[in-house]
Amino acid sequence: MSYLFNALSMLIGLAFDAVVVLFLLRVAAEACRADFNNPLSQFIYRTTNPVLAPIRRVIPNWRRINVAGLLLAWLAMLLKRLLLFALLGAMPNIAGLLVLSLAELFDFALLFYIVLIFGWSLLSMFSVDRRQPVLRLVEKIVAPLLRPLDGKLVFGQIDFAPMAVIIVLFLARMLIAAPLLDLGARLALGG
């Protein structure tokens, strides 16, 4: 039973995490005004727009933040967690489930940015075509996080700003997201 549970939970996690990544990419691309002519941006827009368009009529953007996209990412995390609890045969407390899925989305968003910044900084070390669609989109998404440290942590030819931002994001995962995840899990399990 545990082998089947592990396989099913992995497949459920992959499916819902892929959906969450699409919505987070959409929210981040809109927030930083990524180039819409980028083929990757167009793919993200075409994939998420059928679901987002009706909801955006009811829930407008706040400043440049696509609140409907964040809501759908949170609902995907909520549904994922509900399915995982159902696989265990447990019925979670609703308030705890809401807190747990919100904390998971926050932790996932932090990890999402860690991966993007690490990938972008790794690719920037090599001679990669700067017109490549993935690199252009990622560069536009990570730029707001790196902008406050732009040029301030350069020693020799190495810019340590991405490493500093990654460390701050890891600290946020440990000091903010992990306690929220623990609280949500305790509340969901009725503890």
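Preceding this paragraph is the structure being described.
Below is a short write-up of the structure. Worth saying up front: this structure is predicted, and the values here are computed from it rather than measured.

Here we take up unusual backbone geometry. The phi dihedral of Arg33 is positive, around 55 degrees, even though this residue is not glycine. The residue Arg33 is located in the loop between α1 (2-31) and α2 (39-58) in this model. Positive phi is not limited to glycine here, since Arg63 has a value of about 55 degrees. Along the chain, Arg63 falls in the loop between α2 and α3 (67-88).

What follows concerns helix α5 (residues 133-146). When the terminal C-alpha atoms of α5 are compared, their 20 Å separation across 14 residues agrees well with the 20 Å that a helix rising 1.5 Å per residue should span. The sharpest bend along α5 comes to roughly 25 degrees, located at Lys140, with the proline Pro144 sitting one to four residues further on. Those residues of α5 that fall on the buried side of the exposure criterion are Leu135, Leu137, Val138, Ile141, Val142 and Leu146. Residues of α5 that are buried sit in contact with α1, α2, α4 (94-124) and α6 (161-188). By the N-cap criterion, in which a side-chain oxygen at the helix start approaches the backbone nitrogen of a residue two or three places on, α5 is capped by Gln132, the distance to Val134 being 2.9 Å.

Think of a ball as big as a water molecule: rolled over the atoms, this probe shows where empty space is left. Its volume calculated, the largest pocket comes out at about 550 Å³. Taken together, 23 residues make up the lining of the largest pocket; nearest its centre are Val27, Ala31, Ile65, Leu70 and Tyr113. Those elements giving two or more residues to the lining of the largest pocket turn out to be α1, α3, α4 and α5. Here the lining of the largest pocket takes six residues from α4, the largest share from any one element.

Note on placement: Glu30 falls in helix α1. Along the primary structure Glu30 and Gln157 are separated by 127 residues, whereas in three dimensions their C-alpha atoms are 32 Å apart. Excluding its chain neighbours within four sequence positions, the residues that come into contact with Glu30 are Arg56, Asn61, Arg64 and Asn66. Reaching out from Glu30, the side chain makes a polar contact with the side chain of Arg26 at a distance of 2.5 Å. Polar side-chain contacts of Glu30 include one of 3.1 Å to the side chain of Arg56.

What follows covers a nonpolar patch on the surface. Together, Phe106, Met163, Ile167, Phe170, Leu171, Met174, Leu175, Ile176, Leu180, Leu183 and Leu187 make up an exposed nonpolar region whose accessible area comes to about 970 Å². Ranked by residues supplied to the nonpolar patch, first place goes to α6 with ten residues. Tracing the chain through its elements places Phe170 in helix α6.

What counts and how
Residues numbered from 1 in each chain as written. Predicted model: local features only at pLDDT ≥ 70, side-chain atom pairs only at ≥ 80, totals over all residues. Heavy atoms only, no water. Helix = DSSP H or I, 4+ residues; strand = E, 2+ residues; numbered from the N terminus. Expected span 1.5 Å × (residues − 1). Bend = angle between axes of the 7 residues up to and from the residue. Buried < 20%, exposed > 50% of the residue type's maximum accessible area, 1.4 Å probe, protein only. Contact = heavy atoms within 4.5 Å. Polar contact = N/O pair within 3.5 Å; in protein donor to acceptor, adjacent residues only side chain to side chain. 1 Å grid on protein atoms, 1.4 Å probe; cavity = no way out; pocket = protein on both sides within 12 Å on 5 of 7 lines; lining within 4 Å. Points joined across faces, edges and corners; volume = space filled by probe spheres on them. Patch = residues over 30% accessible without salt bridge, like charges linked within 9 Å, V, L, I, M, F, W, Y side chains within 5 Å. Areas by Shrake-Rupley, 256 points an atom, 1.4 Å probe, with all protein chains shown as cover. Salt bridge = Lys/Arg side-chain N within 4 Å of Asp/Glu carboxyl O.

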